[in-house]
Amino acid sequence: MLNLLKAKLKNSLKNSLKKKLTLLLSLTLFLGITTVGWTPAYAALPAGNAITDGKALLRYALPIDNKPVRQLQASIEDISNQLRANKRWSAVSSDVKKASRVLEKPEKILSSVPEARQTEAQTLIAQIKAGVASLQELAETKDKEKVKEKRAEVLNLVGELEQAMVKGFPYEVPSEYSNLPQLKGRATVAMKTSKGDLTMVLDGYSAPVTAGNFVDLVKRGFYDGLEFTRSEESYVLQTGKPKDADGFIDPKTKKYRAIPFEVLVEGDKKPTYGITLEEAGRYTDMPVLPFSSFGALALARPERDVNGGSSQFFFFLFEPELTPAGRNLLDGRYAIFGYLTEGQEVLDELKAGDKIVSAKVINGLENLQEPSV
């Protein structure tokens, strides 16, 4: 009887979640177009612990292949999980020791760093070693807040070390998109809003055309003064629509700049263009940039025109109880091109009618490749 009651309760929770998801996904993402035709049948809860931190997702998205540095990153990342799990200090110490063991053989990390950046990488490794030693001391004092702060500092250094391993842009973007701006690397955008400041990192390694379009528009001052036009609690916050058009009208061509759908799948060497993963029959494949973080940045588009996006974009307001990480209904259907890295509390306060005061590229503008045609 007890097992039967448990099974009924489990089914009831699943049905409740499905109803909430169906309700949310009936909301529009672009110009009032509904989501009729979406097929949520294969949506599932995540397998294991999905990554929900935008900075971590960006680190893992870097096109590098070095197992020791990934082990180093994973050990430091895991400290956060242990702190949430009733402050498991023995497990925190275990994570720190794992990181220390990786750092005992720096040559294995340096083997993936180009010659021109070896000195920089060696300096970073020394700083990481010092940070890990501090983490061990703080873990012994069981000071949760200081451990969290030091963990963040060390992970930023690990991210810089991983960035130093990148050996140029990893693939050729199809020539048919040479008429569009492309971001061949990473860029950081600082956005001032009527409620406060936001910082976002754009990932051109995973979405060069989509991210390049956004950086180009920021550079032009296109978003300055625009309103947030739609907000749905625990779902999306959208902006980017000018008063006289549905998207960006290129002053040179006098035409609407349409951006192709673009998604890089885990295990693929280059993005898929012009077709959603659902349309391609790749129902279980996961994008390198998933919808599992509060503040994921994605290009909005007409529901029936996969290549119709332009200037409008949305922040995904990730809520694990409603849109669980791991295999989200939006994954592979909308193109993510970056993540919010600072200002989560500001994003949570923004609503329709609030404004973008200004947006500026503060790092990585040299990675923007102008259209060649």
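Before any of the text, the structure's been laid out above.
Residues numbered from 1 in each chain as written. Predicted model: local features only at pLDDT ≥ 70, side-chain atom pairs only at ≥ 80, totals over all residues. Heavy atoms only, no water.

### With respect to a negative patch on the surface
Judged by side-chain charge, Glu233, Glu345, Asp348 and Glu349 come together as a negatively charged surface patch. Considering the arrangement of structural elements, one finds glutamate 233 in the loop between strand E4 (228–232) and strand E5 (236–239). A residue is classified by how much of its surface remains accessible, and glutamate 233, at 66% relative accessible area, is exposed. (Patch = residues over 30% accessible without salt bridge, like charges linked within 9 Å, V, L, I, M, F, W, Y side chains within 5 Å. Areas by Shrake-Rupley, 256 points an atom, 1.4 Å probe, with all protein chains shown as cover. Salt bridge = Lys/Arg side-chain N within 4 Å of Asp/Glu carboxyl O. Lys, Arg positive; Asp, Glu negative; His and termini not counted. Charge placed at Lys NZ, Arg CZ, Asp CG, Glu CD. Helix = DSSP H or I, 4+ residues; strand = E, 2+ residues; numbered from the N terminus. Buried < 20%, exposed > 50% of the residue type's maximum accessible area, 1.4 Å probe, protein only.)

### Some thoughts on the environment of alanine 139
Tracing the backbone shows alanine 139 in helix H6 (residues 118–141). Take alanine 139: its relative accessible area is 3%, and that puts it in the buried class. Sequence separation between alanine 139 and valine 96 is 43 residues; the distance between their C-alpha atoms is 8.8 Å. Apart from residues no more than four positions distant in its own chain, alanine 139 is found in contact with Trp89, Val92, Ser93 and Val147. (Contact = heavy atoms within 4.5 Å.)

### Details of helix H7 (residues 144–165)
Its 22 residues give H7 an end-to-end C-alpha distance of 32 Å, which sits within 8% of 32 Å, the value for a rise of 1.5 Å per residue. Among the residues of H7, Val147, Arg151, Val154, Leu155, Leu157, Val158, Gly159, Leu161, Glu162, Ala164 and Met165 are the ones counted as buried. Looking at the buried positions of H7, the neighbouring elements they touch are helix H2 (54–61), helix H3 (67–84), helix H4 (89–103), helix H5 (106–110) and H6. (Expected span 1.5 Å × (residues − 1).)

### Concerning the pattern of salt bridges
Counted according to the given criterion, the structure contains 19 salt bridges. Residue glutamate 153 pairs with lysine 150 through a salt bridge whose shortest N-O separation is 3.0 Å. In this pair, glutamate 153 and lysine 150 are both assigned in helix H7, three residues apart and thus about one turn of the helix distant. Between aspartate 197 and lysine 192 there is a salt bridge whose closest N-O contact spans 3.6 Å. Within the structure, one salt-bridge network assembled from shared partners comprises Asp53, Arg59, Glu77 and Arg151.

Nothing here speaks to function; it is geometry throughout.
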